[in-house]
Amino acid sequence: MGNGQWFPAEWPERIRALAEGTLTPVTPRRAATVMLVKDGDTGPVVHMLRRRASMAFAGGAYAYPGGGVDPRDDEQQIRWAGPTRAWWAERLGVDETSAQAIVCAAVRETYEEAGVLLAGPSPDSVVGDTTGDDWEADRAALVARDLSFAEFLDRRGLVLRSDLLGAWARWITPEFESRRYDTWFFVAVLPEGQRTRNASTEADRTVWIRPVDAAAGYDKGELLMMPPTIATLRGIAGYERSADALAGAAARDLTPVLAEARLEDGEVVLSWPGHDEFTKHIPTGGASA
């Protein structure tokens with residue numbers, strides 16, 4: 001493999017099974033992930049974590065804080081700042097309750113995995129340091145799902161700052177994957193006064209890295225990444241300031257990207273529409289190219 005594209009060994013067999021009609025796709029779960037950025041000495045840097053090699057999904061790959069939607073955040077009313085739920089529904093291509101849950105997932109997962117909270121006591125403020133024991137107890141309760149994010153915000157009297165998020169992309173895990181996610185990618189600027197930490201049990205390290213350097217590591221085969229991760233990295237690499245990247249999210253196309261697999265000339269061709277660099281040709285014998 002010339003680059004760091006994540007490609008599980010079981011995919012060729014599952015792709016052929018899908019093409020032959022013997023594999024039934026599982027329904028993807030809603031999910032959200034956040035590219036957290038800040039200004040470095042020579043331009044924006046992005047916060048990335050490396051998933052533990054033992055993880056069943058994308059083990060060893062670099063990714064952003066993220067995870068599945070908690071259905072409890074669909075309906076419960078929460079204090080909300082920024083664009084309305086109706087606006088987010090139109091932007092994300094879902095109904096209003098789903099929009100709230102997806103935005104909640106983005107903010108909650110950033111807090112759970114990076115210790116950064118995009119919420120404050122008022123619509124125009126953000127909390128400061130969240131590393132105290134009481135904050136950590138709440139974060140652990142969120143991770144364990146003993147506490148919903150809506151309950152957490154209500155108990156602390158916090159307002160969710162949806163205006164600090166920009167919707168960047170939407171990728172759906174291929175139909176032949178056993179663990180599937182319909183994932184919305186967001187961008188957010190690290191709030192002043194907060195700092196990241198490796199708060200995730202799923203990661204063995206975290207880094208702040210320039211997008212161009214991360215992409216170069218991928219191109220050399222040194223950093224393992226899934227296609228949506230490297231694609232979004234390339235997308236934010238051209239911005240001179242982190243605030244510009246957030247502002248640029250408004251113009252991003254959120255048409256879902258879903259991998260396609262087809263049989264062609266004795267091989268399986270795996271492609272991601274609009275992203276030719278990820279195309280794979282898999283001989284029917286099983287080796288990939």
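Located above this text is the structure these notes cover.
Just so you know, these numbers come straight off a predicted model, no measurement behind them.

Caption draft 1: Quick peek at the sheet that holds strand β6 (residues 119-120). An order of β5-β7-β6 is seen for the three strands of this open sheet, with the pairing classed as mixed. Two strands close off the open sheet at either side, each with one partner strand: β5 (80-81) and β6. Where β6 lies against strand β7 (residues 159-161), two bridges are found, and the strand directions are antiparallel. The partner of Gly120 across the bridge, within β7, is Val159.

Caption draft 2: Seen up close, the packing of helix α6 (residues 211-219) against helix α7 (residues 227-236). Relative to each other, α6 and α7 sit at 140°, their axes nearing to 8 Å. Of the possible angle classes, the one that applies to α6 and α7 is oblique. Here α6 runs over α7; the crossing is left-handed. Residue-level contacts link Pro211, Ala214, Ala215, Tyr218 and Asp219 of α6 to Ile230, Leu233, Arg234 and Ile236 of α7. Considering only residue class, the contact of α6 with α7 consists of seven nonpolar, no polar and two charged.

Each value, and the rule that gives it
- Residues numbered from 1 in each chain as written.
- Predicted model: local features only at pLDDT ≥ 70, side-chain atom pairs only at ≥ 80, totals over all residues.
- Heavy atoms only, no water.
- Pairing = 2+ DSSP bridges.
- Helix = DSSP H or I, 4+ residues; strand = E, 2+ residues; numbered from the N terminus.
- Axes fitted to C-alpha atoms, helices over the stretch in contact; angles between N-to-C directions.
- Parallel < 35°, antiparallel > 145°, perpendicular 65-115°, else oblique.
- Left-handed = near helix turned anticlockwise from the far one by under 90°.
- Contact = heavy atoms within 4.5 Å.
- Nonpolar A, V, L, I, M, F, W, Y, C, P; charged D, E, K, R; others polar.

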